[in-house]
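# Analysis of the macromolecular model
Each chain is listed here by its residues.
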Amino acid sequence: MHRSFNSNDCAALVVQSTLIYRLPGSPVVEKKGRFSRLDDPGAFEGFIVSDFEGNHLYGFYEGASGEEFAAIEPPVVISKSEYCDMANEFIHYLQDHSIDKAILSRVKQVDFTSNLPTFFAKLVEKYPNAFCYYFESPSLGTWIGATPETLVKIEAGRGATMSLAGTKPVADTTDWGVKEMHEQQLVTDFIRRQLIETCKHVHESEREELIAGPVKHLVHYFTFEITASVRWELIRKLHPTPAVSGFPREKALECIAGFEAHDRKFYAGIIGLTGLNSTRLFVNLRSAQLLQDQLYLYVGGGFTQQSDPIAEWDETENKAKTLLNLID
Ligand SMILES: C=C(O[C@@H]1C=C(C(=O)O)C=C[C@H]1O)C(=O)O
């Protein structure tokens, strides 16, 4: 139910945001409070969310109130044929600018009149290994997601991360193709380089498969040792990894900004918990924004110079099923 406020109402009301999340293997946490812009995330303890590029970080202050209302615009939604035209140009751009990989995303719009807490409860049950969350905020809007991708986990000086990329439907038992292995290897190589510069005792697993609901991915798992003082230096170096930006990163970011019709907002940004003793941050994938009974699902995929636009479209459709499959 949406009610409208006038400015006197807003001044008089104690407007609070709702935040609900579930770390893999932990109980659901529910809080009321206020989101505020963070200048120094290193000094903050608690839940944070950032825009895609990590430039605008917001911290959640439990118990606080007084968040300002912001006018939130729906994102631009494109059709399949518009996407395919864009994807063709995108591939040419990668070829002309010697970019190995860049992620093209889009927004899928569906009606959503279900109850949000009930929908969230289904995500929690269906995806025990995902970081599941939703928040309803007067200034940031309403977002929900179930992401399989850890950005960084740090506890007592021990860290872990992953290089997640390459996608197939979960039921596809054919071998992984050269394209998927190549796009995932670019992420692995990038992450390894960042870790070696900042951390000690970096260990890398063999390549494995990670199942994330309707899709599966390739992954290498990393572990390392890190001192608390360089936590945010590492996070800044890693994010956005080539899993959501591309490689080389700066060129890929420029390409994405030039092509994508929508603003990514919080999609593919940083989300989770930060603190001196424990940091559990994720990449905000398989996420959606709810606005006036419409759910806007943000989905993307890694393009290389060899990509096929229809196959990439299908991949975004499959990723969207993470949330769509659970809507009544
Ligand atoms: C960009 C997304 O996912 C990322 C891109 C992948 C790919 O290109 O294959 C796979 C996993 C994620 O790192 C998304 O879910 O929107």
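Residues numbered from 1 in each chain as written. Predicted model: local features only at pLDDT ≥ 70, side-chain atom pairs only at ≥ 80, totals over all residues. Heavy atoms only, no water.

## Things to note about empty space enclosed by the protein
Evaluation of the coordinates by the stated rule reveals 1 cavity of 30 Å³ or more. Approximately 210 Å³ is the volume attributed to the largest cavity. Elements with a contribution of two residues or more to the lining of the largest cavity: β5 (101-111), β9 (158-169), β17 (294-304) and α7 (309-324). A breakdown of the residues in the lining of the largest cavity according to their chemical character gives 9 nonpolar, 6 polar and 6 charged. (1 Å grid on protein atoms, 1.4 Å probe; cavity = no way out; pocket = protein on both sides within 12 Å on 5 of 7 lines; lining within 4 Å. Points joined across faces, edges and corners; volume = space filled by probe spheres on them. Helix = DSSP H or I, 4+ residues; strand = E, 2+ residues; numbered from the N terminus. Nonpolar A, V, L, I, M, F, W, Y, C, P; charged D, E, K, R; others polar.)

## Observations concerning the layout of surface pockets
Roughly 330 Å³ of internal volume is contained in the second largest pocket. Residue lining of the second largest pocket: 20 residues in total, with Pro 24, Asn 129, Ala 130, Pro 148 and Leu 210 positioned closest to the centre. Every element with two or more residues in the lining of the second largest pocket is listed here: β8 (150-155), β11 (208-212) and β15 (278-283). A per-class count over the lining of the second largest pocket returns 13 nonpolar, 4 polar and 3 charged.

## Describing the site of the ligand
Around the ligand sit 17 residues in total, of which Glu 149, Thr 167, Tyr 267, Arg 286 and Gly 302 are the nearest. Measuring from an oxygen atom of the ligand, one finds a backbone N or O atom of Leu 164 at 2.9 Å. Summarising the interface, the protein chains cover 100% of the accessible area of the ligand, which totals 390 Å² for the free molecule. The pocket occupied by the ligand, as judged from atoms lying within 2 Å of grid points, is the largest cavity. Mapped by element, the contributors of at least two residues to the shell around the ligand are β9, β17 and α7. Among the residues making up the shell around the ligand, the classes are represented as 6 nonpolar, 6 polar and 5 charged. (Near = heavy atom within 4 Å. Polar contact = N/O pair within 3.5 Å; in protein donor to acceptor, adjacent residues only side chain to side chain. Areas by Shrake-Rupley, 256 points an atom, 1.4 Å probe, with all protein chains shown as cover. Sits in = over half its atoms within 2 Å of the grid points.)

## Things to note about the pairing of β17
Consecutive side chains of a regular strand alternate in pointing toward one face of the sheet and then the other. Where burial is concerned, most of β17 is hidden: 11 out of the 11 residues are buried. The side-chain alternation of β17 yields two buried faces, one formed by Gln 294, Tyr 296, Tyr 298, Gly 300, Gly 302 and Thr 304 and the other by Leu 295, Leu 297, Val 299, Gly 301 and Phe 303. Here 11 bridges tie β5 to β17, and the two strands are oriented antiparallel to one another. Paired with Ile 103 across the strands is Gly 302, a residue of β17. (Buried < 20%, exposed > 50% of the residue type's maximum accessible area, 1.4 Å probe, protein only. Pairing = 2+ DSSP bridges.)

## Considerations on the packing of aromatic side chains
As enumerated under the stated definition, the model contains 20 aromatic pairs in all. Stacked on the ring of Trp 313, the Lys or Arg Arg 106 has its end atom at 3.6 Å from the ring centre. (Phe/Tyr/Trp six-rings, centres within 6.5 Å; stacked < 30°, edge-to-face > 60°. Lys NZ or Arg CZ within 6 Å of the ring centre and 35° of its normal.)

## Looking at the confidence of the model for the chain
Residues shown with low pLDDT carry predicted positions that ought not to be read at fine detail. Of all residues in the chain, 96% have pLDDT values of 70 or greater, and the mean over the chain is 95. The low-confidence segment residues 1-12 (pLDDT under 50) makes 8 contacts with residues lying over four places distant or belonging to another chain. Confidence metrics for the complex model read pTM 0.95 and ipTM 0.99. (pLDDT = per-residue confidence, 0-100. Contact = heavy atoms within 4.5 Å.)

## Thoughts on the UniProt feature "domain: Chorismate-utilising enzyme C-terminal" (unreviewed entry) in the chain
Following the UniProt record, the feature "domain: Chorismate-utilising enzyme C-terminal" (unreviewed entry) maps to residues 80-319 here. Secondary structure over residues 80-319 splits into 33% helix and 39% strand, and the C-alpha atoms at its two ends are 15 Å apart. (UniProt positions renumbered as here; feature names shortened; annotations may be inferred.)

## A word on unusual backbone geometry
Both trends apply: most residues other than glycine have a negative phi, and most peptide bonds are in trans. A cis amide bond, omega -10°, links His 239 with the succeeding residue Pro 240. Relative to the helices and strands, Pro 240 is located in the loop between α5 (231-238) and β13 (246-247). Between Phe 247 and Pro 248 the backbone carries a cis peptide bond, its omega angle lying at -5°. You can see Pro 248 is positioned in the loop between β13 and α6 (249-259). Of note, His 201 is a non-glycine position whose phi angle comes to about 50°, a positive value. In this fold, His 201 is placed in strand β10 (residues 200-204). Classification of His 201 as exposed rests on a relative accessible area of 58%.

## A few points about the environment of Trp 232
You can see Trp 232 is positioned in helix α5. For Trp 232, a relative accessible area of 9% gives the class buried. As a C-alpha pair, Trp 232 and Gln 289 span 57 residues in sequence and 27 Å in three-dimensional space. A polar contact is formed between the side chain of Trp 232 and the side chain of Thr 274, at a distance of 3.4 Å.

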